[in-house]
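This is what each chain is made of:
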Amino acid sequence: MTQAEIAKAKDEFILKRQDKLLAGATRLEKALFKKIVEKFVEKLIVDNGVITSNNKPISITRALDKLFDEFKAQLQLVSNQVQTDFTKILSFNGQYYKGFETDGKRYKKITDSVYEQMRDRVGIDEKGEFKRGGFLDQLIQDNQLRAEVKNATIKAVTGGAKFSDFLKSTEVLIQGSENVDGSLTRYYKGFAYDAYQQFDRATNKVFADKLGLTVFVYSGGLIDDSREFCIKKNRKVFT
């Protein structure tokens, strides 16, 4: 493939993977809500349709922690896929920049160095495992959602909420509604969705620095709601 073809193929790959990530978030939301209903919500002590204060906050917290810990296995699959996608983006860029360096040995050293830097940025150690607290590890932890569900549950218990109202509010919190994104969809949009573009840009910057390149193509492709700034500059060359 030519460099233009490689760049086009990479842009298309990134857009497809971003869409798949969000579709996966919707499936995870449904799975999580189902898990909460089956293993937690219906075990709450309810009297005449009202959640009673007989539910112990400590027991509730422990039960939810256990449930979310079990759910991590499904979030792990998402992080694994993101890691695979990032590796593919690295591969695209490796192919693209190969045309700028005629010395094969030097280029291999540059490529190895870029790969090492980018693995460190996303939190992957030399064994290919996620570093604790790193970017990909944070996708698995998602402590924000855990805290939101805990707080909503404790509030329902202490406030004597109706069980039906609590069940519905929990469903909306996790899965969203017609006009509101679900919790994981919001999370991946805000934290992980742009990560593909950010990772690609960072990789390009490291390659450019090491190869001594001083001009760039404003890339990334266009979408239905692309801003005028992006439309005017797409595929043009800048210093």
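Residues numbered from 1 in each chain as written. Predicted model: local features only at pLDDT ≥ 70, side-chain atom pairs only at ≥ 80, totals over all residues. Heavy atoms only, no water.

### A word on the overall build of the chain
Formally: A run of DSSP states H or I qualifies as a helix once it reaches four residues; a run of E qualifies as a strand once it reaches two. Both are numbered from the N-terminal end. We call a residue buried when its accessible area falls under 20% of the maximum for its residue type, exposed when it is over 50%, and partly exposed in between, using a 1.4 Å probe and counting protein chains only. In this description, contact between two residues means that some pair of their heavy atoms is separated by no more than 4.5 Å. Calculation of accessible area relied on Shrake-Rupley with a 1.4 Å probe; when residues are assessed, cover is drawn exclusively from the protein chains displayed. Positive residues here are Lys and Arg, negative ones are Asp and Glu, while His and the chain termini are left out of the count. Positions of charges follow a simple convention, taking NZ of Lys, CZ of Arg, CG of Asp or CD of Glu.
Assigned secondary structure in the chain consists of nine helices and four strands. The helix and strand sequence of the chain, counted from the amino end, reads α-β-β-α-α-α-α-α-α-α-β-α-β. Taken along its principal axes, the extent of the C-alpha atoms in the chain is 75 × 40 × 25 Å. Put simply, the chain has 239 residues, and 41% of those count as buried. Of the contacts made within the chain by residues no fewer than 6 positions apart, 75% connect residues no fewer than 24 positions apart. About 14200 Å² of surface is accessible on the chain, with carbon and sulfur atoms providing 51% of the total. The positive charge centre, built from 41 side chains, and the negative charge centre, built from 33, are 2 Å apart in the chain.

### Here's the deal with the packing of helix H1 (residues 3–39) against helix H8 (residues 195–211)
This is how the line gets drawn: Angles run from 0 to 180 degrees between N-to-C directions of axes, and those axes are lines fitted to C-alpha atoms, restricted for helices to the stretch in contact. Gly counts as polar in this scheme, as do all residues outside two lists: the nonpolar Ala, Val, Leu, Ile, Met, Phe, Trp, Tyr, Cys and Pro, and the charged Asp, Glu, Lys and Arg.
At a minimum axis separation of 10 Å, H1 and H8 run at an interaxial angle of 150°. Every residue of H8 that contacts H1 at Lys10, Ile14, Arg17, Gln18 and Leu21 is listed here: Tyr196, Gln197, Asp200 and Asn204. The residue inventory of the contact of H1 with H8, partitioned by class, reads three nonpolar, three polar and three charged.

### Remarks on the side chain of Arg17
Residue position: Arg17 is located in helix H1. We classify Arg17 as buried; its relative accessible area is 14%. In this structure, Arg17 is in contact with Gln81, Asp85 and Tyr196, ignoring residues within four places of it in sequence.

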